[in-house]
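Okay, here's what each chain looks like letter by letter:
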Amino acid sequence: MSEAIIEVSQLTKQFKSKIAVNKADFKIGKGEIFGLIGQNGAGKSTLLKMIAGLMYPTSGEIKLFNRTMKDSHPYFERIGILIENAGLFPHYNAYENLDLIAISYGLTNRKSHINKLLKLVGLDVSNKSKVKNYSMGMKQRLGIAAALIGSPDVLILDEPINGLDPQGISEIRRMILELNKAGMTIIISSHILEELSKIATQYAILHQGEVIEHHSREQLLLQCEDRIEIEVEKASWAVPILEQNLNINHYKVIGEHVVYIYDSHIETQHIIKSLVENGVMVHSITKHKQSLEQYFLARTGSGGGSHD
Ligand SMILES: Nc1ncnc2c1ncn2[C@@H]1O[C@H](COP(=O)(O)OP(=O)(O)OP(=O)(O)O)[C@@H](O)[C@H]1O
Ligand SMILES: [Mg+2]
């Protein structure tokens, strides 16, 4: 991971008896696209609001740009956020909405900045219709433009593709990749891992307020790749046989007895025969195939979080 831009330690938010976020620990690297995945009620919005400075934690710490947030309030201004409904004024048009935010930031040269942002998010600069007449996708784009007004270093998008059609989803995805390419660190939440996997470089799974897993993109994909899992007497004895006798190079040793083989086209009988003939006892062999969604559900349970 690149240099950490955000560090969250033991971050907790409690509403009366409900612990919405429980001792979350993770780091987000500069220039990453950090995917926060969790079911309804997992605590995603609460966590993101705390990172953006919109909600005080009950306990724990957030470091932004290497400074503890308690004593560096202005650093929250380097974060732009699109959360739930974007806080747009329905009776104003897109330009007017952005202008109000630009004024609150004390920006000069507002016109060219706003027109540039409207163009960036793919909204027609000459469209003067009120936001209440906008489609869901247009509102979402305007919300992203609003989050970008202060030229932040970090952009937080809470479920930005919710309710969008496939074309809207792919346009938002393209926009995120473009912003990231220009150097912006992005945090994006979703309850669909498959969707996040198309863009995110880092992943945290949030379940009932707890970060239960944290992966790089490579680690996550490796977890879900087709593989043959073998459990043997001793993994270190099996490895030279796999390499030399079976010509298997794409494998990973998992502990003392287990090896994952990713050349999954190889017949399992061949593997067993070769190991046994060379004196390595095989306890079990299983073919393993899992989609990202199955992987996520296996960790969070299909019943999911509660919204009580
Ligand atoms: N202001 C609040 N007061 C009391 N409880 C709250 C408050 N905000 C959130 N909660 C509770 O905290 C838990 C986490 O909520 P949160 O909205 O952060 O989850 P989420 O992952 O964003 O869910 P969703 O996918 O539905 O947006 C839920 O049980 C929710 O009911
Ligand atoms: Mg939410």
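As a convention, each chain's residues are numbered from 1 in the sequence order in which they are written. Written order decides the labels, with chains lettered from A and ligands numbered from 1. In view of the model being predicted, local features appear only for residues whose pLDDT reaches at least 70, and side-chain atom pairs are presented and counted only at 80 or more, with totals across whole chains, interfaces and linings using the full set of residues. As a convention, hydrogens and water are excluded, and side-chain values are obtained from all of the structure's heavy atoms.

Next up on the list: helix α3 (residues 110–120). All of the buried residues in α3 are H113, I114, L117 and L118. The arc that holds the buried residues of α3, viewed along the axis, is 135°, so those residues lie on one side. Within α3, the exposed residues directed more than 90 degrees away from the buried face are K111, K116 and K119. Check the buried side of α3 and you find it contacts α2 (94–104) and α4 (136–148). Secondary structure follows DSSP: runs of H or I at least 4 residues long count as helices, runs of E at least 2 residues long count as strands, and numbering of each begins at the N terminus. Positioned one or two residues after α3, G122 has a phi angle of 75°, which is positive. Residue burial is assigned from relative accessible area. The probe radius is 1.4 Å, only protein chains are included, and a residue is buried under 20% of its type maximum, exposed over 50%, and partly exposed in between. Relevant arc is that of directions from the helix axis to the C-beta atoms, nothing else. In what follows, a contact means two residues having at least one pair of non-hydrogen atoms within 4.5 Å.

The start and end points of each domain follow an automatic or database-based domain assignment. Once the domains are mapped, the protein chain shows domain 1 (4–220) and domain 2 (226–289). Measuring from the centre of the C-alpha atoms in domain 1 to the corresponding centre in domain 2 gives 44 Å.

Below, the discussion takes up the confidence of the model for the protein chain. The quantity known as pLDDT measures the predictor's confidence residue by residue, on a range of 0 to 100. Of the residues in the protein chain, 95% have a pLDDT of 70 or more, and the chain-wide mean is 89. Counting contacts from residues 303–308, a segment whose pLDDT is below 50, to residues more than four positions away or on other chains yields 11 contacts.

Turning our attention to unusual backbone geometry. A positive phi angle is found at Q10, which is not glycine, with a value near 55°. Along the chain, Q10 falls in strand β1 (residues 4–15). For K16, which is not glycine, the phi torsion reads 45° and is therefore positive. On the secondary structure map, K16 appears in the loop between β1 and β2 (18–29).

Think of it this way: one heavy atom of a residue within 4 Å of a molecule or strand is enough to make that residue near it. Taken together, 15 residues lie near ligand 1, and G41, G43, K44, S45 and T46 sit nearest. Distance and chemistry together define a polar contact, namely a pair of N or O atoms within 3.5 Å, with one atom able to donate a hydrogen and the other to accept it when in protein, and with adjacent residues in sequence counting only for side-chain atoms on both sides. Between ligand 1 and G41 there is a distance of 2.7 Å, counted from an oxygen atom to a backbone nitrogen or oxygen. The side chain of S45 places a nitrogen or oxygen atom 2.8 Å from an oxygen atom of ligand 1. For ligand 1, whose unbound accessible area comes to 630 Å², protein coverage reaches 74%. Secondary structure elements with two or more residues in the shell around ligand 1: β2 and α1 (44–51). By residue number, the principal contributor to the shell around ligand 1 is α1, which donates three residues. Amino acids outside the nonpolar list (Ala, Val, Leu, Ile, Met, Phe, Trp, Tyr, Cys, Pro) and the charged list (Asp, Glu, Lys, Arg) are all regarded as polar, and Gly is one of them. Its residues assigned to classes, the shell around ligand 1 shows three nonpolar, eight polar and four charged. Note on areas: Shrake-Rupley with a 1.4 Å probe; residue coverage comes only from the protein chains shown.

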